[in-house]
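Residue-level listing of the chains:
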Amino acid sequence: MANLLLISVAECDTRVALVEDGRLAEFYLEARGQGDVVGNIYKGRIAKLLPGMAAAFVDVGLARPAYLFAEDVAPQEDEFFQLWLKGEPGEAGEARRLPPAAIGDLLHQGQEILVQVLRGPSAHKGARLTTHISLAGHFLVYLPTLAHLGVSRRIPEEPERQRLKGLLEKLAPAEGGLIARTASRDQELEKLARELANLLKLWQKVLRRKETGPCPALLHQEMEAARRVMRELFSPEIDRVVVDDPATHDQMLEFLEAVSPRDKYRLELYSGLEPLFSHFGLEIDWQRLLSPRVWLKSGGYLHLDATEALTAIDVNTGRFVGRHELEDTILKTNLEAAREIARQLRLRNLGGLIVIDFIDMEPAVHRDQVYQALLQELRRDRAKTTVLPISPLGLVEMTRQRLRDSLAQTVTEPCTGCAGSGQVLSPLTVACDILRLLAAESREFPGYHLHLAAHPQIMALVRQEGASLLARLAAAHRVHVTLSDQPLFSRNHFEITHEWPG
């Protein structure tokens, strides 16, 4: 089945769905004006040194100070730099580092410093920073502070790795290093050189802003969701990219003109009446998408419990009783669970420490089968994963790189009605759902009166975020929308009714 990249742009958010083999594999949501700060480059000032943590607080202009560990401070001396690179790393970040120097030997309070956001802020922590700057393109990553040439580990074929290393040696800039990304596979020198020239220009622009700008200041902002996802996910494996917004479509077209003009035929502008995701049979059911229980086709199920320290995943046979011996039933359930767990990690973007409790398997060969099945499915994951073999207790310990906030962190907030023990959809997410539905209903019922009833908090956001949309719907489809506040409604409940004015 076709692999699709669907990009839906609305008044208050952008939603991106990656569909692999007919199933939702990854899902991104970014609210308007609430872009991810990961990748942003700032001119910051050291606010406080924390020797006991080998770290420093840095004021970069965000809501709370960000933190910078000593190990993320670029070495200043060539000799130390070479020691830091001891060994031959295969890719940026793989170098075997020496124990970090004391933070006071690297930084001092009040110092101005150039930093990049490595991990975004959370509810309890500020953003994590690094001075090892990286500028990502579609084919290459330019490393201004790291004189290293590397090839993505996702290109395992040795002949292709050697070919790309040869190209990188020809392209090597006077300062810094390069990484050939997965998309660089089978690409020629000219195309890589053109992208490198753009990355070098971008770096010079950052340096000029650093010299002339105030402190703290944002020097470089990462791309918005749609273009960022295209840069990261567009590949030969993607059969179609479909976007429902003309302006975003033009941006995507400009991106393809720069990196791969021959692939423009894979980009489509959707103009159908029904919502984009619905047209492709992809309904965003928040209850299922965020549910702690995930049913398997066999009748077994997974139970996912994300805590601040780790994510625990439990595998159960559920309704599956098998047809033969108990060991075969357990093996089949665990194999199906391993494949679904890899999918759920990507779909929910679960990162950090993850512990999987498979059903106990006595035969060592069965444990190895399940372990290999998990590794095989994780090869599709862009995030770096480290997985230990299944223990005799049936547990798998693994880590997954945090590329961004988890889906639950993005679209939910602590529920005030249950003292924070559960979560509900945020008012903005519900309001966005309503606005999308109103747009679809207006196209389907032109000339009708539409009556919307919802909780006052939701309705306030609908009026605020949807004013221009409601005006356009009235002009384009001759619909009149009446808004009714219903204080007794729960925040997640709303009703839309239709009435013919004649």
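Data block above holds the structure.
Residues numbered from 1 in each chain as written. Predicted model: local features only at pLDDT ≥ 70, side-chain atom pairs only at ≥ 80, totals over all residues. Heavy atoms only, no water.

Student: Before we go on, may I ask you to explain the overall build of the protein chain in this structure?
Tutor: Counting its regular elements, the protein chain contains 14 helices and 26 strands. For 502 residues, the compact-globule formula gives about 23 Å, and the C-alpha radius of gyration of the protein chain, at 25 Å, lands near that figure. Each principal axis of the C-alpha atoms in the protein chain carries an extent, and together these give about 80 × 70 × 50 Å. Out of the 502 residues belonging to the protein chain, those deemed buried represent 47%. When the accessible area of the protein chain is evaluated, it comes to approximately 25600 Å², of which 52% is carbon and sulfur surface. Of the side-chain charges in the protein chain, 59 are positive and 67 negative, and the distance between the mean point of each set is 2 Å. (Helix = DSSP H or I, 4+ residues; strand = E, 2+ residues; numbered from the N terminus. Rg over C-alpha atoms; globule rule 2.2 N^0.38 Å. Buried < 20%, exposed > 50% of the residue type's maximum accessible area, 1.4 Å probe, protein only. Areas by Shrake-Rupley, 256 points an atom, 1.4 Å probe, with all protein chains shown as cover. Lys, Arg positive; Asp, Glu negative; His and termini not counted. Charge placed at Lys NZ, Arg CZ, Asp CG, Glu CD.)

Student: Honestly, the pattern of salt bridges in this entry has me stumped. Any pointers?
Tutor: Opposite charge on two side chains makes pairing possible when the charged atoms of those side chains draw close. Scanning the model with the defined rule gives 29 salt bridges in all. Residue Arg128 is joined to Asp72 by a salt bridge in which the shortest nitrogen-to-oxygen separation is 2.8 Å. Within this pair, whereas Arg128 is found in strand 8 (residues 128-130), its partner Asp72 is found in the loop between strand 6 (66-69) and helix 1 (78-84), the two being separated by 56 residues in sequence. Across the pair, exposure class does not vary: Arg128 and Asp72 are buried alike. Among the charged side chains, a salt-bridge network with shared partners connects Glu20, Asp21, Glu26, Arg181, Glu222, Arg231, Glu232, Arg346, Arg380 and Arg382. (Salt bridge = Lys/Arg side-chain N within 4 Å of Asp/Glu carboxyl O.)

Student: Just to check I follow, could you spell out the state of the cysteines for this structure?
Tutor: Disulfide: a covalent bond connecting the sulfur atoms of a pair of cysteines. Scanning the model with the defined rule gives 1 disulfide in all. Here Cys12 pairs with Cys432 through a disulfide, and the sulfurs are 2.0 Å apart. Placement of the pair is Cys12 in the loop between strand 1 (4-9) and strand 2 (13-20) and Cys432 in helix 12 (residues 427-444), with a sequence separation of 420 residues. For the pair Cys12 and Cys432, a shared accessibility class is recorded, and that class is buried. (Disulfide = S-S within 2.5 Å.)

Scope: geometric values only; no functional claims are made or implied.
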